[in-house]
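Here are the chains, one letter per residue:
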Amino acid sequence: MRSAKWLSRRDFLSSVSGTLAASATVAVARPAHARYSQKLAIDGGPKAVTVSPTPRPRWGDVELKQLEAMLRQGSLFYWGGPQTQLLIERFKQVCPVQWVQTCSSGTAAIHIAVSSAGIGPGDEVITTPITDIGTVIGVLYQQAVPVFADLGAGTYNLDPADVERKITPKTKAVIAVHLTGNPCDLDALKAICDKHKLVLIEDCCQAWGAKYRGRPIGTIGHFACFSLQDSKHVTCGDGGVVGTSDERFGPLLQKFGDKGGDRRKWGGHEVFATNYRMSEPQAAVAAAQLTRLEEIAQARSRLGNLLTELIANIPSIIPHQVHPQDRAVYWFYMFRIKPEALKCNRSQFTRALIAEGVSASGGYIAKPLYKEPIFLNHSFFAGRWPTKEFGLTDMDYTKVRCPEAEAILETCIRVYIREYMTEEYIRQVGQAIRKVAEYYAA
Ligand SMILES: *Cc1c(COP(=O)(O)O)cnc(C)c1O
């Protein structure tokens, strides 16, 4: 229905005049039934967004109280520390898993998971090219090979069918990134991993509080990896948490997070690992922050879903696609424009939107990970890549293509979602997107 209406308008326009659409005076080419005849704010018209939500401090008395308690301790070391214990206890309420290790970052959490899963030289790990590079840093440090699979056009998450196509006899694991806090299709990914005996690692760094079909994310795969970096939903400046309920991997988390030793029985260095420990001051802040999480997750989920309702029937827009039974926690909201349905490019659309008063930005990461110089040059270790030099892989990142991921990055616009934003603001954001889209409709 939607696309039929859209096509008929395009057909109408092209039948009227081919030159009209290409005309610089866009106002002339606007269809007569356009709902917004107002001048865009960027051209001096009235702003669609008139309210500006007041930012709320992200920390305060709760954190202060926890930090005071921490400073009265005789030691600030994590092992057996009360702040670390409290953080682990609260983490298990958010993500009920049996073994938990706190660590220094989300990158560390994923590296600990990858090492504990036994990923080593030449092993292949399938993941998404649209993510923080921290998703694959641990894979590369294990001398293993990130293999990039393509994404869903509206979910921006791994397309299970393409994941399955990328499986080879060398594949050992899949890292599912819940991008922006929108849960991946975990049933499909888990079924593929079970069938091919692969380890499923959930990168939940952007997804604190998200739920997959009512279940906390991080509890479906073999590993849950979270980041507490400053920009995430909850934070202690920098930090991470890794968890598992798999008895094969559980006892390894502490070793791989803490120089390979087993602190329960001093020494016993059976595995090689670096120091990824989190200190008690960080744990104190993180534990306090977790008391705020449910409210943050609920607010963001509500605001993001509302925005989808508001822009769902705009023909030139692809809204953020979330499964109705999932709770997405919108680290940010990301929609796509359909360039063929617009007379402006992404940068013009974004500038117009910002002028309307929307907190937005065009694009996300600059390029898919495989197009970053470090991948194109295969120069991970002092300019070299032993894994390739020793013939453990014939991966050539210059030949990797994920067409949907590339199209997503060319057409996406991010709208910032914060827990303190009001429904009124989001309604005006919806109006702003509609106004700009109608104005530039092809
Ligand atoms: C932030 C992030 C990471 C890395 O977390 P750090 O704490 O910055 O190391 C990994 N994956 C995703 C999806 C992230 O957003």
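As shown above, the structure is provided for reference.
Residues numbered from 1 in each chain as written. Predicted model: local features only at pLDDT ≥ 70, side-chain atom pairs only at ≥ 80, totals over all residues. Heavy atoms only, no water.

### So, the nonpolar core
Phase 1: With 97 residues, the main nonpolar core has Tyr364 and Tyr397 as its most contacted residues.
Phase 2: Ranked by residues supplied to this core, first place goes to helix 6 (residues 106-116) with 6 residues.
Phase 3: When near neighbours in sequence (up to four residues on either side) are disregarded, Tyr397 contacts Val145, Pro146, Phe148, Tyr370, Phe375, Leu376, His378, Phe380 and Trp385. (Core = buried A, V, L, I, M, F, W, Y, C linked by side-chain atoms within 4.5 Å. Buried < 20%, exposed > 50% of the residue type's maximum accessible area, 1.4 Å probe, protein only. Helix = DSSP H or I, 4+ residues; strand = E, 2+ residues; numbered from the N terminus. Contact = heavy atoms within 4.5 Å.)

### Some details on the state of the cysteines
Phase 1: A complete count under the given rule lists 0 disulfides for this structure.
Phase 2: In this structure Cys225 is a free cysteine whose sulfur lies 6.9 Å from that of Cys204, the closest cysteine sulfur available.
Phase 3: Free cysteine Cys402: the closest other cysteine sulfur is in Cys184, separated by 14 Å.
Phase 4: With relative accessibility at 0%, the residue Cys402 sits in the buried group. (Disulfide = S-S within 2.5 Å.)

### A closer look at the site of the ligand
Phase 1: The full set close to the ligand counts 13 residues, and Gly106, Thr107, Asp203, Ser227 and Lys232 are the nearest of them.
Phase 2: Interatomic distance of 3.4 Å between a side-chain N/O atom of Thr135 and a nitrogen atom of the ligand.
Phase 3: A total of 380 Å² of accessible area belongs to the ligand in isolation, and the protein chains cover 93% of it.
Phase 4: Partitioned by chemical class, the residues of the shell around the ligand number 2 nonpolar, 8 polar and 3 charged. (Near = heavy atom within 4 Å. Polar contact = N/O pair within 3.5 Å; in protein donor to acceptor, adjacent residues only side chain to side chain. Areas by Shrake-Rupley, 256 points an atom, 1.4 Å probe, with all protein chains shown as cover. Nonpolar A, V, L, I, M, F, W, Y, C, P; charged D, E, K, R; others polar.)

### Concerning the pattern of salt bridges
Phase 1: As enumerated under the stated definition, the model contains 24 salt bridges in all.
Phase 2: Across the pair Arg56 and Glu295 runs a salt bridge whose closest N-O atoms are separated by 3.9 Å. Remark: Glu295 occurs in helix 12 (residues 293-311) and Arg56 occurs in the loop between helix 3 (26-29) and helix 4 (61-71); sequence separation between them is 239 residues.
Phase 3: The salt bridge partner of Arg263 is Asp258, with a shortest N-O separation of 2.4 Å.
Phase 4: A residue is classified by how much of its surface remains accessible, and Arg263, at 23% relative accessible area, is partly exposed.
Phase 5: Taken together, the shared-partner salt bridges connect Asp162, Arg165 and Lys166 into one network. (Salt bridge = Lys/Arg side-chain N within 4 Å of Asp/Glu carboxyl O.)

### Considering helix 11 (residues 280-290)
Phase 1: Of all the 11 residues making up helix 11, 9 are buried; the element is thus mostly covered by neighbouring parts of the structure.
Phase 2: Listing the buried residues of helix 11 in full gives Glu280, Ala283, Ala284, Val285, Ala286, Ala287, Ala288, Gln289 and Leu290.
Phase 3: Buried residues along helix 11 sit against helix 4, helix 5 (82-94) and helix 12.

### Digging into the packing of aromatic side chains
Phase 1: Going through the model one piece at a time under the given rule, you end up with 20 aromatic pairs.
Phase 2: Centroid distance Phe148 to Tyr370: 5.8 Å. Interplanar angle 55 degrees. Geometry classified as tilted. Linking Phe148 in strand 3 (residues 145-148) with Tyr370 in the loop between strand 12 (360-362) and helix 14 (373-376), this pair joins segments that are 222 residues apart in sequence. Tyr370 shares its class with Phe148; the two are buried.
Phase 3: When the centroid spacing of 5.6 Å and the interplanar angle of 45 degrees are considered together, the rings of Trp331 and Phe332 count as tilted.
Phase 4: When its relative accessible area of 3% is taken as the criterion, Phe332 is described as buried.
Phase 5: The structure contains a cluster of three or more aromatic residues connected by ring pairs, namely Phe148, Tyr370, Phe375, Phe380, Trp385 and Tyr397.
Phase 6: The residue whose ring lies beneath Lys232 is Trp331, and the NZ or CZ to ring-centre distance is 4.6 Å.
Phase 7: One Lys or Arg, Arg414, reaches over the ring of Phe332 and ends 5.1 Å from the middle of that ring. (Phe/Tyr/Trp six-rings, centres within 6.5 Å; stacked < 30°, edge-to-face > 60°. Lys NZ or Arg CZ within 6 Å of the ring centre and 35° of its normal.)

By themselves, these are just geometric observations and shouldn't be taken as functional.
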